[in-house]
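Here are the chains, one letter per residue:
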Amino acid sequence: MEKRSIYADNAATTAVSEEVLEAMLPYFREGYGNASSIYKLGRDAQRAVEDAREKVAKALGAEPREIYFTSCGSEADNWAIKGTAELMAKKGKKHIITSVFEHHAVLHTTEYLEKHGFEVTYIPVSDKGLIDPEDIKNAIREDTALVTIMYANNEIGTIQPIEEIAAICHEKGVIFHTDAVQAVGHVDIDVHKQGIDMLSLSGHKIHAQKGIGALYIRKGLTLPNLIHGGGQERGKRAGTENVPAIVGLGVAIEAATRNISEKNVGITKQRNKLIDGILTLPYTRLNGDRDKRLPGNLNISIEGIEGESLLLMLDMYGICASSGSACTSGSLDPSHVLLSIGLKHEVAHGSLRLSIEDDVTDEDVDYILDVIPKVVNRLREMSPVWEKMMKGEKYE
Ligand SMILES: *Cc1c(COP(=O)(O)O)cnc(C)c1O
């Protein structure tokens, strides 16, 4: 088969789309004004920012004044969690509930708060990568300040029962935040209808540029600032507005949330074909619930191989993919997400994540399904672990 170039790592980042770039360009040169300036150049920039805010609000079912632009998804998570912690600590509430398999933007923030006098409960997930809302109900205490649960997991793509969790929180008078960075543009979101108090999103996962995000904060909830300085974002988040990035985010979220269910039909079909094809290899398993998952996500453990070697070989075939192991961070520890669903270390090490979008063709799918068995068989032939497995010996 002829070599192809396939980008199957959209959960890591996406390319800036043509329409986003086109919308951004004028704001680098002609429209470079400071959105806080009084003259026309500034007012035009201000209008562009407010127009983008309306687009983000509309995509989430929120009001424009409930949207705050941030420098990234991680900042939105930090602000939501640290801000709520500070706010509620004044009322004597210093307990936070989250899950064991959140993104590090959440987990490292709660760990930081633990060092500063907060108590954190980490809710476990099932072997399918799902959270039981009952567990959250049981974990809520008198002094619980915040529940923060991700909408969709970035590694295994599982989608959590957000509306149900939000309802439980409200019943108990607890603030609910969700990291929806992976969910926006892939599932229909309506923050008001779903009872979400705060929601984080990021531009570069939906074809805007890197370095722009937003936090939705329900009106009536007043968080303390994370970034102090000028009066931007209604005095809540200082820093001269990144007008081109904000404009790009507005266009990107409008495009991403257009016809989500129609787009998902085709993506799900291709994704399922990939899952079924890869699972025909022996000693493989799908990680995460098959149905309650992002349409473009597949995460499969392939025993007897190392994830990193697999990725390097796939790269030689022109396929960009990702592994369950945290090799990119220079650590050889297996992914906390895969361990959280009960995988053994050695199985978690040999995991493959593909995250596809609606540009993936039948030829791409056929190519991937042609390459993967070849590569896996080659790696297994060279693997001492696989040899031991085949001899029926125990391996660690
Ligand atoms: C990518 C990602 C983030 C971080 O967003 P940045 O804009 O890269 O800071 C946070 N949470 C999840 C689930 C993500 O996938």
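This text follows the structure it describes.
Here the structure is a predicted model, which is why all the values come from computation and not from measurement.

Draft legend 1. Broad picture of the sheet that holds strand 9 (residues 284–286). Across the sheet, which stays open at both edges, the four strands sit in the order 9-10-13-12 with antiparallel pairing between neighbours. Where the open sheet ends on each side, the last strands, each with one partner, are strand 9 and strand 12 (322–323). Examined bridge by bridge, strand 10 (residues 297–302) and strand 13 (residues 351–355) share five bridges and lie antiparallel to one another. The residue bridging Ser301 from the neighbouring strand is Ser351, located in strand 13.

Draft legend 2. Examining the nonpolar core more closely. Grouped together as the largest cluster of nonpolar side chains are 66 residues, with contacts concentrated most on Leu60, Val147, Tyr151, Phe176, Ile189, Leu199 and Leu201. When residues of this core are assigned to their parent elements, the largest contribution, nine residues, is made by helix 8 (residues 243–256). Among all residues touching Leu60, those that are not within four sequence positions of it are Ile67, Val184, Ile189, Asp190, Val191, Leu199, Leu201 and Tyr216. Residues Leu298, Leu310, Tyr367 and Ile368 belong to the second largest nonpolar core, which totals 30 residues.

Draft legend 3. Spatial organisation of the packing of aromatic side chains. In total, this model carries two aromatic pairs according to the counting rule given. Centre to centre, the rings of Tyr68 and Trp79 are 5.6 Å apart; their planes meet at 85°, and the pair counts as edge-to-face. Highlighted residues: Tyr68 in strand 2 (residues 67–70) and Trp79 in helix 3 (residues 73–89), separated in sequence by eleven residues. Across the pair, exposure class does not vary: Tyr68 and Trp79 are buried alike. Measuring from centroid to centroid gives 5.6 Å for Tyr283 and Trp386, while their planes differ by 85°, and the two rings are edge-to-face. Of the two residues, Tyr283 is situated in the loop between helix 9 (260–278) and strand 9 and Trp386 in helix 14 (residues 384–390); the sequence distance between them amounts to 103 residues.

Draft legend 4. Here's a closer look at a nonpolar patch on the surface. Among the surface-exposed residues, Val16, Leu21, Leu25 and Phe28 lie close enough to one another that they form a single nonpolar patch of about 330 Å² accessible area. Relative to the assigned elements, Leu21 resides in helix 1 (residues 18–24).

Draft legend 5. Structural context of the site of the ligand. Residues in contact with the ligand amount to 13 residues; listed here are only the nearest, Ser74, Asp179, Gln182, Ser202 and Lys205. Gly73 is positioned with one of its backbone polar atoms (N or O) 2.8 Å from an oxygen atom of the ligand. Alone, the ligand offers 380 Å² of accessible surface; in the complex the protein occludes 90% of this. The element that contributes the greatest number of residues to the shell around the ligand is helix 3, accounting for three residues. The residue makeup of the shell around the ligand, split by class, is three nonpolar, seven polar and three charged.

What counts as what
Residues numbered from 1 in each chain as written. Predicted model: local features only at pLDDT ≥ 70, side-chain atom pairs only at ≥ 80, totals over all residues. Heavy atoms only, no water. Pairing = 2+ DSSP bridges. Helix = DSSP H or I, 4+ residues; strand = E, 2+ residues; numbered from the N terminus. Core = buried A, V, L, I, M, F, W, Y, C linked by side-chain atoms within 4.5 Å. Buried < 20%, exposed > 50% of the residue type's maximum accessible area, 1.4 Å probe, protein only. Contact = heavy atoms within 4.5 Å. Phe/Tyr/Trp six-rings, centres within 6.5 Å; stacked < 30°, edge-to-face > 60°. Patch = residues over 30% accessible without salt bridge, like charges linked within 9 Å, V, L, I, M, F, W, Y side chains within 5 Å. Areas by Shrake-Rupley, 256 points an atom, 1.4 Å probe, with all protein chains shown as cover. Salt bridge = Lys/Arg side-chain N within 4 Å of Asp/Glu carboxyl O. Near = heavy atom within 4 Å. Polar contact = N/O pair within 3.5 Å; in protein donor to acceptor, adjacent residues only side chain to side chain. Nonpolar A, V, L, I, M, F, W, Y, C, P; charged D, E, K, R; others polar.

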